[in-house]
Every structure is written in C-alpha cells, then in structure tokens.
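Chains, contacts and geometry: an overview
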Amino acid sequence: MPGARSMPGARSVPAARIAAMGQARLPAPRGLGCSVLVLLLLLGGSGSPGTTPPPRAPWAEEQGAVPERGPWGRVRYEAVKKHLGAVGALSKQYWQYLACRVWQEGCEEEEKRQEEREASPMPGWGFPLVGQDYLEILSTWYCSFGKCCETGDCRIINNITGLEADFSGQLHGQHLAKEVVVRAVQGFLQSPRPRKALVLSFHGWSGTGKNFVARMMASHLYRDGLRSDCVRVFVSLLHFPHHNYVDSYKAQLQRQIGETLQRCRQALLIFDEAEKLHSSLLDAIKPFMAQHSSKGQADQQRAIFLFLSNLGGNTINEVALDFWRAGRAREEISLELLEQRLRLELQEAAENSYAHSQLLRENLIDFVVPFLPLEYHHVKLCARDAFLARGLPYTEATLDQVAQMMVFVPKEEKLFSAQGCKSVPQRINYFLP
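Residues numbered from 1 in each chain as written. Predicted model: local features only at pLDDT ≥ 70, side-chain atom pairs only at ≥ 80, totals over all residues. Heavy atoms only, no water.

Here we look at the overall build of the protein
How we decide: What counts as a helix is a DSSP run of H or I of at least four residues, what counts as a strand is a run of E of at least two, and both are numbered from the N terminus. The cut-offs for exposure are 20% and 50% of the maximum accessible area for each residue type, with area from a 1.4 Å probe on protein chains only; residues under the lower value are buried, those over the upper are exposed, and the others partly exposed. In what follows, a contact means two residues having at least one pair of non-hydrogen atoms within 4.5 Å. Per-residue and other accessible areas follow the Shrake-Rupley method at a 1.4 Å probe size, with only the shown protein chains counted as cover for residues.
When you go through the protein residue by residue, the secondary structure sums to 18 helices and seven strands. Each of the 433 residues in the protein was classed as buried or not, and the buried ones make up 44%. Here the contacts in the protein between residues at least 6 apart in sequence split such that 74% fall between residues at least 24 apart. Summed over all atoms, the accessible surface of the protein reaches about 23,400 Å², with 53% contributed by carbon and sulfur.

Written out as structure tokens, the structure reads:
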C-alpha cells in the first residue's frame, strides 16, 4: 500500500473513505476500511499483499554488494534479512486471518493453519495476542458504523450477559420471566444445530413487561435492536386488521418470514396481540417453527418466535393473589405451577384461534412464560426508571405520588396495578418543572 508509512494519523481517516479506496482493489468488499486500518496499525504498510516492499539500502543483494565490516557485518545483514522475512510472513498471516474475518474468504485454509498452530508444541507460532485482539476490536469498531455484510449477520451481537444484567436492573416483579427467557435463549444460541425454532409465548396483563422484554431481547441480540433487518414485529390489529383479506395477509406473511430467514441465519420474529391472530395466519407461521427436515434447512432457520398475549392474565393473577393471602412471597410461585394452569386455561378458552391452534396441540411452543401482576412498590421502581431515563430529578415522595395515580385491584385488597407500568412514563409529565 504505497504511502502507508507516511500516514501517522491513520485513525483520523474516515471509514467510508478507506472503504472507497479499497473498493478499487477487491470485488464487492465488506468492511475494507477495517482491513486497511488494521494493516496501518499492525503492519506499518509492509508485507501485505499488493503493497510495495520496504526500500532497500544501496548495498542490497540485487547489487551483490554486502559490505564487509569485519566478521559481524554479514551477521547483522543476515539478522536484518531474517527479521524482514519474519515480519512479511507474520503480515501475510494477519492478512489471511483478516480476509477470513471480514470477507469470509479463505476461511478453510485459515482454520487449518489455526489448528496447526494450536497443535504445535513450539511457543510463538500463533498470532501475538495483542495483534489478534486488535483485529477483533477493529472489526467490531468498523461494523459499529456500517454494515459489514449484506445479510446483516455481522451485526448480530448476542449479548446474553448484558441481557441478564438489564433484566436484573430494569425488569421488576418478574422472576419467572427473567429466569425462563435467559435460560431458553442462551441454550438455543449455544446449540450448534437446533432442530427447530425457539418459540416463547408471553402471557399476562397489559403493562406487566411483555413488550419490554421483547424490545430488550432485540437490543441485546442485534446491534440495531428493533431496527435490525433480522427483526420483524407484527401487531395483529395493525398489520392484519381485516379478516376479508386474510388470504392476502397469509401470502405476505409467509413471504416476509421466508425472506427474513433467508437473509439472516438468526432471526427474531415478534407477534404482538397474538390472541387476535386469525387461524389461517397461525397455519402460515407453523411450518417455520416445526422441526427441520435437513441439516441445511436447520442452518438457515435459526429463528426465535415470540408471541405476546393477554390470555391467561386472570389465571396468573389468581395464583399471585392466593400466594399473597396465604402470606407467601410471590417469588415462591413456580413456573411448573403457572405453566400447567395456563395451558389448561388456553385449552378451555372459547372461540380463540391462538388457544386452539396447532401451536399448542403439536407442542411447538417451547415455553409458556407467565408475567405476574405488578404491585405498588414495582410501580415505584418503574417511575424511578422513567425519571432516570429522562435525566430528571426525583424524590421518594414524587415516586409515591406517581404510584398513587394508578388504579389498583382487586377492590378490597388494591394489590395489583390494573395497567402495570404501562402509563408510568406519561404520568411523570405532571411533575415536570
């Protein structure tokens, strides 16, 4: 790369300009700016393919003149020559590693070399750790500014640690949802070839956190969150409002899901107000969730389906109320107890397509996730989060005022917020200066 040595401010070169410079050299590059920056920082412009070799001294070997300055002159020359050869070889290794990471070209050779390096008993045959770390960091840095591949897979982050941390700090009163979602998603993503899509069905009253968890999953699995090309959100009454057009909806839905799975090896598909989905639409979704018939299909259809529904909310609340009346903590409520009660209620639900769909009858739903009703102190925590999110000051008295504006049921106990935390962000507007 001519002139690479004369660019001490390599970090200030815009990524877009670097990528444009590289497009003239390689067909359809993905993340070329990353590779150029890596070479500038790690290689100093030497040893990479297509670059000009470092200038030699006037006494270089093509002139056949090696100065004889005593017995150590040739030793120094041979040492320098050996050093330059080692740098060139290392640079070539870095380039091959980078080409595999960014363009996914030559990965088989790179994997074979890596196995040989790991199997070698001699120390020093692998990449220097700091160099490999630079490659990973800079690849991630470049991808944070633009798409580094056409499919969107490069922008999948799968930050399960961050998801679990945010659940602990921001999802209030939902010990079952925290445990089930993290365990299910982590196990699914760690499976090399899952046999079917992961299907989670969220149930509970409005405002208990079902949409909140879905958004949080999107933000921690994909760099772009809900805006990712690999995330699709369908709201029943918004996207499929008229039953007269259900055949058209069915064809569109199948096409959109198929295109998303083809474009992304990992997709997240969210269906809000699932209880209002027409039975024909549920039939259209079913083939994408069933067990895969081939290895190739399994690789392409790594998908997570989320169904959000208010069905079963009353059953969940009755169990929570019984525990409270018995003086037992809500954290003692087990998933087995609630899931069994929920499945029974769904099977007995009258004239509901989702409850009587083949999703339940054929056990395509992996986990029925209950969301418990929220109590007074949970609403206060939601109010605190709303103030913090907007950078506004608050006091305990202010949080109490926000919570007292909510409606609590049942009429006698006034234990559970009828709207959960759904309207809390709007309520704090009353307390703005």
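With respect to the sheet that holds strand β3 (residues 266–272)
The following threshold applies: One requirement defines pairing of two strands: DSSP has to find at least two bridges between them. Angles run from 0 to 180 degrees between N-to-C directions of axes, and those axes are lines fitted to C-alpha atoms, restricted for helices to the stretch in contact.
Taken in spatial order, the five strands make up an open sheet running β2-β3-β4-β1-β5, and their pairing is parallel. The sheet is open, and its two edges are formed by β2 (231–235) and β5 (367–370), each paired on a single side. Each neighbouring strand pair of the sheet contributes to a mean axis angle of 15°, computed without reference to strand direction. Bridge count for strand β1 (residues 198–203) against β5 is four bridges, and the pairing is parallel.

Here we look at the state of the cysteines
Heads up, the rule is: By convention in this document, the label disulfide applies to cysteine sulfur atom pairs within 2.5 Å.
Taken as a whole and judged by the stated rule, the model has two disulfides. One disulfide in the model links Cys 230 with Cys 264; its S-S distance is 2.1 Å. Sign of the S-S torsion, about -85° for the bond between Cys 230 and Cys 264, identifies this disulfide as left-handed. Linking Cys 230 in the loop between α8 (210–221) and β2 with Cys 264 in the loop between α10 (246–263) and β3, this pair joins segments that are 34 residues apart in sequence. Of the two residues examined, Cys 230 and Cys 264, each falls in the buried class. The residue that forms a disulfide with Cys 382 is Cys 421, at a sulfur-sulfur distance of 2.1 Å.

Here we look at the packing of aromatic side chains
Going by this rule: For this analysis, a ring pair means two rings from Phe, Tyr or Trp (six-membered ring only for Trp) whose centres lie within 6.5 Å, classed as stacked if their planes differ by under 30 degrees, edge-to-face if by over 60, and tilted for the remaining angles. When the NZ atom of lysine or the CZ atom of arginine is within 6 Å of a ring's centre and also within 35 degrees of its normal, the charge is said to sit over that ring.
What the rule picks out here adds up to 10 aromatic pairs. Their ring planes at 20° and their centres at 6.2 Å tell us that Phe 234 and Phe 240 sit as a pair that is stacked. Since its relative accessible area comes to 11%, Phe 240 is described here as buried. By the ring-pair criterion, three or more aromatic residues cluster together here, those being Phe 234, Phe 240, Tyr 245, Tyr 249, Phe 271, Phe 305, Phe 307 and Tyr 354. Note that Arg 302 overlies the ring of Phe 188, its terminal NZ or CZ placed 5.7 Å from the centroid.

Some points on the layout of surface pockets
For clarity, the cut-off: Method remark: on a 1 Å grid restricted to protein atoms, a set of points is classed as a cavity if a 1.4 Å probe fits but cannot get out and as a pocket if it is open with protein on both sides within 12 Å along at least five of seven lines; lining residues have an atom within 4 Å of a point. Grid points are joined across faces, edges and corners, and a volume is the space filled by probe spheres set on the points. Throughout, the ten residues Ala, Val, Leu, Ile, Met, Phe, Trp, Tyr, Cys and Pro are labelled nonpolar, Asp, Glu, Lys and Arg are labelled charged, and all others, Gly among them, are labelled polar.
Estimated volume of the largest pocket: approximately 730 Å³. Residue lining of the largest pocket: 28 residues in total, with Gly 207, Gly 209, Phe 212, Arg 215 and Cys 421 positioned closest to the centre. Elements represented by at least two residues in the lining of the largest pocket include exactly α8, β4 (302–309), α16 (376–389) and α18 (424–427). Here the residues of the lining of the largest pocket are counted per class, giving 11 nonpolar, nine polar and eight charged.

As for the confidence of the model for the protein
Keep this limit in mind: As a per-residue measure, pLDDT tells how confident the predictor is, with possible values from 0 to 100.
On average, residues of the protein carry a pLDDT of 76, and 62% of them reach 70 or more. Averaged pLDDT values for the elements of the protein fall to 43 in helix α1 (residues 15–23) and rise to 98 in α8. Predicted confidence is poor over residues 117–130, with pLDDT under 50, and the contacts of this stretch with residues over four places away or in other chains come to 15 contacts. Long-range and interchain partners of residues 296–300, a stretch whose pLDDT sits below 50, account for eight contacts in this model, where long-range means more than four residues apart.

What about α8?
To keep things clear, this is the line we draw: In a helix, the anticipated span is given by 1.5 Å times the number of residues less one.
Across its 12 residues, α8 extends 17 Å between first and last C-alpha, which sits within 8% of the 16 Å expected from 1.5 Å per residue. Within the span of α8, buried status applies to Lys 210, Val 213, Ala 214, Met 216, Met 217, Ala 218, His 220 and Leu 221. Check the buried side of α8 and you find it contacts α6 (160–170), α7 (175–190), β1, β2, β3 and β4.

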